[in-house]
Amino acid sequence: MTIRVIIVDDQAMVRAGFAALLNAQSDIDVVGDAADGAQALEVSGRTHPDVVLMDVRMPGMDGLEAARRLLDPAVPGTHRPKVLMLTTFDVDDYVYEALRAGASGFLLKDAPPADLIAAVRVVAAGEALLAPSVTRRLIEDFARTRPARRRDPKLRLGGLTPRETEVLELIARGLSNQEIAGRLVLAEQTVKTHIGRILAKLDLRDRAQAVVLAYESGLVTAGE
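Read on for a plain summary of the structure.

Calculation criteria
- Within any chain, residue numbers begin from 1 and follow the written order of that chain's sequence.
- Only residues with pLDDT of at least 70 get local features here, since the model is predicted, and only at 80 or more are side-chain atom pairs given and counted; chain-wide, interface and lining totals rely on the full set of residues.
- Excluded from the side-chain calculations are hydrogens and water; all other atoms, namely the structure's heavy atoms, are used.
- Think of it this way: any DSSP run of H or I at least four residues long counts as a helix, any run of E at least two long counts as a strand, and we number them from the N terminus.
- Between buried and exposed lies partly exposed: a residue is buried under 20% and exposed over 50% of the maximum accessible area for its type, with that area taken using a 1.4 Å probe on protein chains only.
- The criterion used for residue contact is that any of the two residues' heavy atoms lie within 4.5 Å.
- Only buried residues count toward a nonpolar core, which is a set of Ala, Val, Leu, Ile, Met, Phe, Trp, Tyr and Cys residues joined through side-chain atoms within 4.5 Å.
- Any pair of N or O atoms that falls within 3.5 Å is considered a polar contact. Within protein, one atom must be able to donate a hydrogen and the other to accept it, and sequence-neighbouring residues count only if both atoms are side-chain atoms.
- In this description, strands pair whenever DSSP reports at least two bridges between them.
- When the strands point away from the viewer and the path from the first strand over the helix to the second turns clockwise, the crossover is right-handed.
- Throughout this description, the term salt bridge denotes a Lys or Arg side-chain nitrogen within 4 Å of a carboxyl oxygen of Asp or Glu.
- Only C-alpha atoms enter the line fits that serve as axes; for helices the fit covers just the stretch in contact. Angles between N-to-C directions range over 0 to 180 degrees.
- Roughly parallel covers angles under 35 degrees, roughly antiparallel covers those over 145, roughly perpendicular covers 65 to 115, and oblique covers all other angles.

1. Things to note about the overall build of the chain
Reasoning step 1: The helix and strand tally for the chain stands at 11 helices and five strands.
Reasoning step 2: Across the 224 residues of the chain, 46% fall into the buried class.
Reasoning step 3: Sequence separation of at least 24 residues holds for 67% of the intrachain contacts in the chain that already meet a minimum separation of 6.

2. Re the nonpolar core
Here is a general trend for soluble globular proteins: nonpolar side chains tend to be buried in one another's company.
Reasoning step 1: Membership of the largest hydrophobic core comes to 24 residues, with the highest contact counts inside it found for Leu157, Val167, Leu168, Ile180 and Leu202.
Reasoning step 2: Going through the elements one at a time, helix H8 (162-172), helix H9 (177-184), helix H10 (188-202) and helix H11 (207-217) are the ones with two or more residues in this core.
Reasoning step 3: Those residues in contact with Leu157 that lie beyond four places of it in its chain are Leu168, Leu202, Leu213, Ser217 and Leu219.
Reasoning step 4: In terms of nonpolar packing, the next biggest core, distinct from the first, is built from 20 residues, Met54, Met61, Leu71 and Val83 among them.

3. Comments concerning the side chain of Ser217
Reasoning step 1: With respect to the element layout, Ser217 can be found in helix H11.
Reasoning step 2: Within polar-contact distance, the side chain of Ser217 engages the backbone nitrogen of Leu219 at 3.3 Å.

4. Focus on the pairing of strand E2 (residues 28-34)
Reasoning step 1: Direction of pairing for strand E1 (residues 3-8) relative to E2: parallel, over a ladder of six bridges. Residue Val8 lies in a different strand from E2, and its bridge partner there is Ala34.
Reasoning step 2: Since E1 and E2 lie parallel, the crossover through helix H1 (residues 12-23) that links them has a hand, and here it is right-handed.

5. Let's talk about the pattern of salt bridges
Reasoning step 1: Summed over all chains, the structure comprises 10 salt bridges.
Reasoning step 2: Between Glu42 and Arg46 there is a salt bridge, with the nearest N and O atoms lying 2.9 Å from each other. Taken together, the positions of Glu42 and Arg46, both in helix H2 (residues 37-47) and four residues apart, correspond to about one turn of that helix.
Reasoning step 3: In this structure, a network of salt bridges that share partners links the residues Asp9, Asp55 and Lys109.

6. Topic: the packing of H8 against H10
Reasoning step 1: Close contact between H8 and H10 brings their axes to 10 Å; oriented N to C, the two are set at 95 degrees. What the angle tells us is that H8 and H10 run roughly perpendicular. For the pair H8 and H10, the contacting residues are Arg163, Glu164, Val167, Leu168 and Ile171 in the first and His194, Ile195, Arg197, Ile198, Lys201 and Leu202 in the second.

7. Describing the side chain of Thr47
Reasoning step 1: Along the chain, Thr47 falls in helix H2.
Reasoning step 2: Looking at Thr47, its side chain comes within polar contact range of the main-chain oxygen of Val43, at 2.7 Å.
Reasoning step 3: Beyond its immediate chain neighbours, meaning those up to four positions away, Thr47 contacts Arg4, Ile6 and Val31.

8. What to know about the sheet that holds strand E3 (residues 51-55)
Reasoning step 1: Spatial ordering of the open sheet is given by E2-E1-E3-E4-E5, a layout of five strands whose pairing is parallel. Taken across any chain shown, the strands that pair with only one partner, and hence form the sheet edges, are E2 and strand E5 (105-108). Taken over all neighbouring pairs, the strand axes of this sheet differ in orientation by 25 degrees on average, direction set aside.
Reasoning step 2: The pairing of E3 with strand E4 (residues 82-87) spans five bridges and is parallel. Considered in E4, the bridge of Leu53 is made with Leu84.

What follows is the structure in structure tokens.
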């Protein structure tokens, strides 16, 4: 099955370079591009991509606002692709906000070509975080610079079983499914089942939002 992608970036050279790289893959088809968020909404509505590569900082409508609109669950019948944010910064508050909005993860623009290709495939397959450790550091840095009042995890996580709570904590600490399985002495398929139940119970879109919630609820805190 071919992965349909659109590329959103205000630099034409970046769009052309990413398109050439991705179109060279037999399982990826770049079906459109856009120079800002407003164009991204139009192109996405017309082409129905599986994955949107979205630059964070653009003139006009930026990538954050475009991601919010693309992923807004309040808009019925709207095609909602996976959104992978592109940034030139290792830690960027806008990326954090994009994860909260439902983006599936982020990738540095200067990442190796192989990482970009892998990111598109991973996100298209439903995995939210390309690099859990990097995303974890981003959220930890956000928490350190903008400490929020610690909330009682029971207020939001009370529907989870003790095992599901354990799994959620390990997700937030950046562990992969395989690593979680090893830590808890479980089959990897069992871990995937637990994650599916966690997302369903907490009404979360994907793993990225689970990480954010774990920090915001106080289940995990920066520096622990």
